[in-house]
Amino acid sequence: MRRVIFNQKGGVGKSTITCNLAAISAASGLRTLVVDLDPQGNASSYLLGAGAEPDQTVGDFFSSTLGFRLGPRKSINLRQFISRTPFDHLQILPANRELETLQGKLESRYKIYKLREALDGVAEHYDAVFIDTPPALNFFSRSALIAADRCLIPFDCDDFSRQALYELLEQIQEIQEDHNGQLQVEGIIVNQFQSGAKLPRTVVDELHQEGLPILPTYISASVKIRESHQQAQPLIHMAPRHKLSGEFQALYDRLGEGAAAA
Ligand SMILES: Nc1ncnc2c1ncn2[C@@H]1O[C@H](COP(=O)(O)OP(=O)(O)O)[C@@H](O)[C@H]1O
Ligand SMILES: [Mg+2]
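Calculation notes
Residues numbered from 1 in each chain as written. Chains lettered and ligands numbered in written order. Predicted model: local features only at pLDDT ≥ 70, side-chain atom pairs only at ≥ 80, totals over all residues. Heavy atoms only, no water. Near = heavy atom within 4 Å. Polar contact = N/O pair within 3.5 Å; in protein donor to acceptor, adjacent residues only side chain to side chain. Areas by Shrake-Rupley, 256 points an atom, 1.4 Å probe, with all protein chains shown as cover. 1 Å grid on protein atoms, 1.4 Å probe; cavity = no way out; pocket = protein on both sides within 12 Å on 5 of 7 lines; lining within 4 Å. Sits in = over half its atoms within 2 Å of the grid points. Helix = DSSP H or I, 4+ residues; strand = E, 2+ residues; numbered from the N terminus. Nonpolar A, V, L, I, M, F, W, Y, C, P; charged D, E, K, R; others polar. Buried < 20%, exposed > 50% of the residue type's maximum accessible area, 1.4 Å probe, protein only. Pairing = 2+ DSSP bridges. Salt bridge = Lys/Arg side-chain N within 4 Å of Asp/Glu carboxyl O. Core = buried A, V, L, I, M, F, W, Y, C linked by side-chain atoms within 4.5 Å. Contact = heavy atoms within 4.5 Å.

Caption draft 1: How the structure looks around the site of ligand 1. Of all residues adjacent to ligand 1, which total 15 residues, the nearest are Gly11, Lys14, Ser15, Thr16 and Ser220. Gln192 is positioned such that a nitrogen or oxygen atom in its side chain is 3.5 Å from a nitrogen atom of ligand 1. In isolation ligand 1 has 560 Å² of accessible area, and contact with the protein removes 81% of it. In this structure, ligand 1 is accommodated by the largest pocket. When residues of the shell around ligand 1 are traced back to their parent elements, those giving at least two are α1 (14–27) and α9 (224–230). With three residues, α1 is the single largest residue contributor to the shell around ligand 1. Here the shell around ligand 1 is composed, by residue class, of four nonpolar, ten polar and one charged.

This is the structure in structure tokens:
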């Protein structure tokens, strides 16, 4: 199963949710791959450590799609660009700043299906793929939405994010119609939920009433997340008994049997 975690708004928890779900998947024994498509590389530093400079990145993969060295019909093996992480069964296709400089070229040469093709090529090696996206609907996030079977949408309970949510669902629908009929919106993940505060609850209740697919497993706001980023340890490893680890596990379980099928 391939999942993309997307919201064009920054700071809603895409990278945090990607890495924590992927870590749970890997810890359960599934061969799990994280694809980092954000030039900021937050998922990469979360799983590899802040100072890590992997030899190969997703930028090198996209660069190679622009080359003619391969000759016709030779596809690119994605595995050469993938790094191991310190965690069993968890690998990553990391990103760095260089990714940004490629975007115009990739777009003008219609490379939007290359990620999907490359992931198809390594499908037998992975049971679960989680794709982290940049905070924009651009070449990279479109590539991810075209490559994925399911889309998870983190939502930060901010009233201003609501309008963006409707736009986002329309954009996803357009991608479903034009490029990827398989793509399903798996649900909206309420993140940074403060159960004691009135506004988030009102916002979430209204979204429910409007019929949006809000997942029932909320992720609370907690400073533990920042610590987890700093230590480059997903919560299941850093603090397995913490409330948030339980919430991520509940979210993962909710995603259900689909997580086990590649
Ligand atoms: N549940 C949470 N509780 C507290 N802080 C959070 C939570 N989720 C994310 N954050 C913080 O919010 C910021 C943005 O999260 P991030 O996952 O990088 O979002 P995105 O990838 O959507 O930009 C980070 O500093 C992160 O530590
Ligand atoms: Mg991010």
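Caption draft 2: Quick look at the pairing of strand β2 (residues 32–36). For β2, a buried count of five out of five residues is recorded, marking the element as mostly surrounded by other parts of the structure. Side chains Thr32, Val34 and Asp36 of β2 all project onto a buried face; the interleaved residues Leu33 and Val35 project onto the opposite face, where all are buried too. In this sheet, strand β4 (residues 90–93) lies alongside β2 in parallel orientation, the contact comprising four bridges. By the bridge assignment for β4, Thr32 is matched with Leu90.

Caption draft 3: The arrangement of the pattern of salt bridges in detail. Taken as a whole, this structure holds twelve salt bridges when the rule is applied. Of the charged contacts in the structure, one is a salt bridge between Arg3 and Glu186, with a shortest N-O distance of 2.6 Å. Of the two residues, Arg3 is situated in strand β1 (residues 2–5) and Glu186 in strand β7 (residues 184–190); the sequence distance between them amounts to 183 residues. Of the residues examined, Arg3 reaches a relative accessible area of 1% and is grouped as buried. The residue Glu186 makes a salt bridge to Arg150 at a minimum N-O spacing of 3.2 Å.

Caption draft 4: Broad picture of the nonpolar core. Among the nonpolar cores identified, the biggest contains 51 residues, and Val35, Leu37, Phe61, Phe62, Leu78, Leu119 and Ile131 are the most heavily contacted of them. For Ile131, the residues in contact, after removing those within four places along its chain, are Arg3, Val4, Ile5, Thr18, Val35, Leu37, Leu119, Ala144 and Ala147. By size, the runner-up hydrophobic cluster in this structure holds 30 residues, among which are Tyr46, Leu244, Phe248 and Tyr252.

Purely spatial values, then, with no claim about function.
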